[in-house]
Amino acid sequence: MYYYRIKIGILSIMSLFSIKINELMYRKILLLGILFQFAGFMILYGQDICVPSETYADSSAGVYPLPFHEVLFPDGGIHDTVCIGSPFEYTFTAVLEDSIAWMGFSFKLNSLEILPNGVLNLPEGLQYGCNPPNCVFQANTMGCLKIYGTTTEANDPGLFDLQLRTKIVVANGLISVIDTLPELLVPGSHYYLPVEAASSSHCQTSSLYGYQQNEFLEIKYQPLLERLTVIAGDPQIPWLETEIIDMTGKVLLKQRIQYPVQSMNTMDVSGLSQGLYFCRTRTIFGYSGLKFVVSK
């Protein structure tokens, strides 16, 4: 009997010891799991959200691409479109130098900061992040800002006039200017972000609205003259057809020229209201496409 009591006691102690070991192992596994999750979090959020484009490394100070301006930068602006319900991302590159020109004067530049919630007029569902993460760009550096996310059905299709609420520090902190870009540095300029319904022609067939340029055709928009010019590089083209399409895919204007096709063919677009349009020109050799913004 005494032997069995000793055996039961030893088994009880071993059982308790086993429980303690299991508890220790569980705690270690739990701790390891937490550490792995934390490490994954740090890896994910330690990565740069965007990378400045080296294309602009030798460019003068500014935000690239340059904004749309009907005289200074008619080819500027955002050359992309948001489709409601689809993922979207777009990156701006900031190039800073040691000085900045403003109102005809040159100032020693210290930093440019995108203020919290500083990207104005963003469509619902989109957000932004910077590299560096605090959105403070120092003089003589390059940085970037990425807009990303998925737009919701709460958005109406149209042009969203994006603005950057910024703080510019110059003269070693003696002067700080809080205002919006690009208007502050280039009055009359805009970063229009086109948003289209998922059912639109662009969102269903991206190739239709692509920037493909046929080697025989070149399209130029001249906002001051309110006309489009199609330059045909081959005099043997038997016909040339040009269409102006709105954001819903509706053809608003159409022009067909039969042989002989001139080297420069113009189309009057003065009747178009303010907004974003697409010009598509076709021949037997293919087509060229160009987006353009009418700003009145």
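Below or above, wherever it landed, is the structure these notes cover. (Residues numbered from 1 in each chain as written. Predicted model: local features only at pLDDT ≥ 70, side-chain atom pairs only at ≥ 80, totals over all residues. Heavy atoms only, no water.)

**Quick word on the sheet that holds strand β15 (residues 251-258)**
As a reminder, the rule being used: Note: two strands are recorded as paired if DSSP finds a minimum of 2 bridges between them. A run of H or I in DSSP becomes a helix once it reaches four residues, and a run of E becomes a strand once it reaches two; helices and strands are each numbered from the N terminus. Axis lines are fitted through C-alpha atoms, for helices just across the contact stretch, and the angle between N-to-C directions can take any value from 0 to 180 degrees.
Reading across from one edge, β15-β14-β17-β18 is the order of the 4 strands in this open sheet, with antiparallel pairing throughout. Every other strand in the sheet has two partners, leaving β15 and β18 (286-294) as the edge strands with one partner each. Ignoring which end each strand starts from, the neighbouring axes of this sheet average 15° apart. Judged from the 5 bridges that link them, strand β14 (residues 239-245) and strand β17 (residues 275-283) form a sheet pairing that is antiparallel.

**A few points about the nonpolar core**
Basically, it comes down to this: We call a set of buried Ala, Val, Leu, Ile, Met, Phe, Trp, Tyr and Cys residues a nonpolar core when their side-chain atoms join them within 4.5 Å. Residue exposure (1.4 Å probe, protein chains only): buried if accessible area is under 20% of the type maximum, exposed if over 50%, otherwise partly exposed. Any two residues having at least one pair of non-hydrogen atoms within 4.5 Å are treated as being in contact.
Ranked by internal contacts, the top residues of the largest apolar core, which has 30 residues, are I147 and L193. Of all elements in the fold, only β3 (87-95), β5 (105-120), β6 (126-131), β8 (142-150), β9 (158-170), β10 (175-181) and β11 (191-196) reach the threshold of two or more residues within this core. Residue contributions to this core peak at 5 residues, all from β9. In contact with I147, other than residues within four places in its own chain, are F88, E89, Y90, F92, V119, L122, L126, Q127, Y128 and L162. Core analysis: the second largest hydrophobic core is formed by 19 residues, Y221, L240, V269 and C279 among them.

**Description of the state of the cysteines**
Cut-off, in case you're wondering: In what follows, a disulfide is any cysteine sulfur pair within 2.5 Å.
In total, this model carries 2 disulfides according to the counting rule given. At a sulfur-sulfur separation of 2.1 Å, the disulfide partner of C50 is C144. In this structure the cystine formed by C50 and C144 twists about its S-S bond by roughly 105°; its chirality is therefore right-handed. With C50 in the loop between α1 (2-46) and β1 (62-64) and C144 in strand β8, this pair connects stretches of sequence that are 94 residues apart. By relative accessible area, which is 1% here, C144 ends up buried. Note on cysteine connectivity: C130 is disulfide-linked to C135, with sulfurs 2.0 Å apart. The sign of the S-S torsion, about 90°, decides the handedness of the disulfide formed by C130 and C135: right-handed. For the pair shown, C130 and C135 are each scored as buried.

**Thoughts on the pattern of salt bridges**
Definition in use: Put simply, a salt bridge is a Lys or Arg side-chain nitrogen that is within 4 Å of an Asp or Glu carboxyl oxygen.
Per the counting criterion, the structure on display carries 8 salt bridges. With a shortest N-O distance of 3.3 Å, R256 and E241 are connected by a salt bridge. Taken together, the residues span a long stretch of sequence, with R256 in strand β15 and E241 in strand β14 at a distance of 15 residues. Salt bridges linked by common partners bring E241, E243, K254, R256, R280 and R282 together as one network.

**Considering unusual backbone geometry**
Here Y64 and P65 are connected by a cis peptide whose omega angle stands at 0°. Looking along the chain, the bond that leaves L181 and enters P182 is cis, with omega of 5°. Locating P182 in the fold gives a position in the loop between β10 and β11. At C135, a position not held by glycine, the phi torsion is positive, near 60°. Of note, C135 is situated in the loop between β6 and β7 (136-138). Phi at E226 takes a positive value of approximately 55°, unusual for a residue other than glycine. Mapped onto the elements of the fold, E226 is located in the loop between β12 (217-222) and β13 (227-232).

**Re the packing of aromatic side chains**
Under the convention used in this document: In this analysis, rings of Phe, Tyr and Trp, with Trp reduced to its six-membered ring, are considered paired at centre separations within 6.5 Å, and the interplanar angle assigns stacked below 30 degrees, edge-to-face beyond 60, and tilted for intermediate values.
The tally for this structure, following the rule as stated, stands at 6 aromatic pairs. For the ring pair F68 and Y192, a centre distance of 6.3 Å and an interplane angle of 45° mean the geometry is tilted. Placement of F68 in the loop between β1 and β2 (82-83) and of Y192 in strand β11 is noted, with a sequence separation of 124 residues between them. Taken as a pair, F68 and Y192 share a single burial class, namely buried. Look at Y90 and F92: their rings are 5.3 Å apart centre to centre, the planes differ by 70°, and that puts the pair in the edge-to-face class.

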